[in-house]
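Letter by letter, the chains look like this.
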Amino acid sequence: MDVAECILDGNADAVEFCPHSSFSHVLAASTYTLQEGDQPSRSGSISIFNVNVEIGCLELLHRVETAGIFDIKWSPVGQTGSPLLAQADADGCLRIHALEYSSNGSEGEREHIRERCTSKVSSSMCLCLDWNSSASAISVGHSDGFISILSARESHLEVQNQWKAHEFELWATSFDSHQSHLVYTGSDDCKFSCWDLRDTPSKAFHNTKTHKMGVCCIAKSPSDPYKLLTGSYDEHLRVWDMRSISKPMNETSICLGGGVWKIKPHPSVFDVVLAACMHNGFAIVRVKDDDAEVVETYGKHGSLAYGADWKRGDSSQEDKRKRYAVATCSFYDRLLKIWIPETDI
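Worth saying up front: this structure is predicted, and the values here are computed from it rather than measured.

1. A closer look at the overall build of the protein
For the protein, the helix and strand inventory stands at zero helices and 28 strands. Against the compact-globule benchmark of 20 Å for 345 residues, the protein has a radius of gyration of 19 Å, which places it among compact chains. Oriented by its inertia axes, the alpha-carbon framework of the protein measures out at about 60 × 45 × 45 Å. With 345 residues in all, the protein has 59% of them scored as buried. Pairs at least 24 apart in sequence give 47% of the contacts found in the protein among residues at least 6 apart.

Printed below as a string of structure tokens:
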């Protein structure tokens, strides 16, 4: 069921609902627009929306202009203070924004974001990022194949480690939710790797044969410490059993008919994920231990399907389906949509 939609100010590439319960109505959407010519430039923006599914509301609260953005991520639940939104951008910077309230006269207080700190991480572009579970560190992947690990404490960012992880663009990075010393990476070189930060860092494993094209995304299971998912340009979503860290076991895959750019596990139904499939819209997939099946598709976007996320809900709501609306965005048509899956998940 379609709820609301709008056109963003640039090419839309990421949407992220705030996971912190007091701000579950807040949606961040980012853009990346390449201005071609003799001196090409990459511009972008972050838009903050109020999403009210009950009344079909998609209200713009605040927008900031910035460099072209490749990835955004909210700080994990459990971090104290204001929710933080991290940005990886084309200027080679990692920027941290704090979500705050501002007074708007008769309309009362409204949420906005304020830049808290910035670190120039690389002379290449920053393509992806992930927070560790305690929000004390952030991993950042670069267009030259390097990865950086930064400490994030008290409004200060500092590079702790930086190394050449892949031969080509590093599109995916993810901390292990249960073992914070492990970080996963994926790249255009078709390799899926795990690194142990306790030693130099060292390579825990390096899978070079499974993905037939570049690795676009890596997602952790929120409930199963051994389950990890990868998405690839080769159109497959893969489910990995990580109990043997030196060599992942029991890899399961499903073809989604388009490059799998983004994977988002459902907030409470732990065997369901949402996937942005580039040239084939969006898919909701049920993932079992040894099987995966598409349970619903959404094809109402007219361009590359890039951004996707679940809206966390209020457990007191009677209509459980409305608790889990979805935000999706597509690139060239700049379309942002809010919808509710038809499937009774």
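2. Some words on the side chain of lysine 262
In this fold, lysine 262 is placed in strand E22 (residues 262-265). A relative accessible area of 12% places lysine 262 in the buried class. Every residue in contact with lysine 262, bar those within four places of it in the chain, is listed here: Asp71, Cys217, Leu274, Ala275, Ala276, Tyr306 and Ala308.

3. Side note on the nonpolar core
Counting 19 residues, the largest nonpolar core has Leu27, Phe49, Val51, Leu58, Leu336 and Ile338 as its most contacted members. Looking at this core, the elements with two or more residues in it are strand E1 (2-7), strand E2 (12-17), strand E3 (26-35), strand E4 (41-52), strand E27 (326-330) and strand E28 (335-339). Those residues in contact with leucine 58 that lie beyond four places of it in its chain are Ala4, Glu5, Cys6, Phe49, Asn50, Val51, Leu336 and Ile338. Counting 17 residues, the second-largest nonpolar core is a separate cluster that includes Ala98, Cys126, Ile138 and Val140.

4. Some thoughts on the sheet that holds strand E13 (residues 156-164)
Taken in spatial order, the four strands of this open sheet run E10-E11-E12-E13, and their pairing is antiparallel. For this open sheet the edge positions go to strand E10 (126-131) and E13, each flanked by a neighbour on one side alone. Between one strand axis and the next, the sheet turns by 25° as a mean value, whatever way the strands run. Judged from the five bridges that link them, strand E11 (residues 137-142) and strand E12 (residues 146-153) form a sheet pairing that is antiparallel.

5. Some thoughts on the packing of aromatic side chains
Summed over all chains, the structure comprises 14 aromatic pairs. A connected cluster of aromatic rings, assembled from ring pairs, spans Tyr32, Phe70, Trp171, Tyr233, Trp261, Tyr306, Phe331 and Tyr332.

6. With respect to a negative patch on the surface
Taken together, the side chains of Asp289, Asp290, Asp291 and Glu293 present a region of like negative charge at the surface. Along the polypeptide, aspartate 290 turns up in the loop between strand E24 (282-287) and strand E25 (292-298). For aspartate 290, a relative accessible area of 65% puts it in the exposed group.

Parameters and conventions
Each chain carries its own residue numbering, running from 1 in the written order of its sequence. For a predicted model such as this one, the threshold for reporting local features is a pLDDT of at least 70, and the threshold for listing and counting side-chain atom pairs is 80 or more; totals across whole chains, interfaces and linings nevertheless cover every residue. For side-chain calculations, the full set of non-hydrogen atoms in the structure is used, while hydrogens and water are omitted. Where helices and strands are cited, they refer to DSSP runs of H or I of at least four residues and of E of at least two residues respectively, numbered from the N terminus. Computation of the radius of gyration draws on C-alpha atoms, with the globule rule given as 2.2 Å multiplied by the number of residues to the power 0.38. Residue exposure (1.4 Å probe, protein chains only): buried if accessible area is under 20% of the type maximum, exposed if over 50%, otherwise partly exposed. Throughout, a residue-residue contact means that at least one pair of heavy atoms, one from each residue, lies within 4.5 Å. Buried residues of nine kinds, namely Ala, Val, Leu, Ile, Met, Phe, Trp, Tyr and Cys, make up a nonpolar core once their side-chain atoms join them within 4.5 Å. Two strands form a pair only when DSSP identifies at least two bridges running between them. Each axis is a line fitted through C-alpha atoms, and for a helix only the stretch in contact is used; angles between axes span 0 to 180 degrees, taken between their N-to-C directions. Put simply, two rings from Phe, Tyr or Trp (the six-membered ring, in Trp's case) pair if the centres are within 6.5 Å, and we call them stacked under 30 degrees between planes, edge-to-face over 60, tilted for the rest. A patch is a set of surface residues, each over 30% in relative accessible area and not in a salt bridge, joined within 9 Å for like charges and within 5 Å for the nonpolar side chains Val, Leu, Ile, Met, Phe, Trp and Tyr. Each accessible area value is a Shrake-Rupley result obtained with a 1.4 Å probe; residue values ignore everything except the protein chains displayed when judging cover. What counts as a salt bridge is simple: a side-chain nitrogen of Lys or Arg found within 4 Å of a carboxyl oxygen of Asp or Glu. Counted as positive: Lys and Arg. Counted as negative: Asp and Glu. His and the chain ends are not counted at all. The atoms used to mark charge sites are NZ of Lys, CZ of Arg, CG of Asp and CD of Glu.

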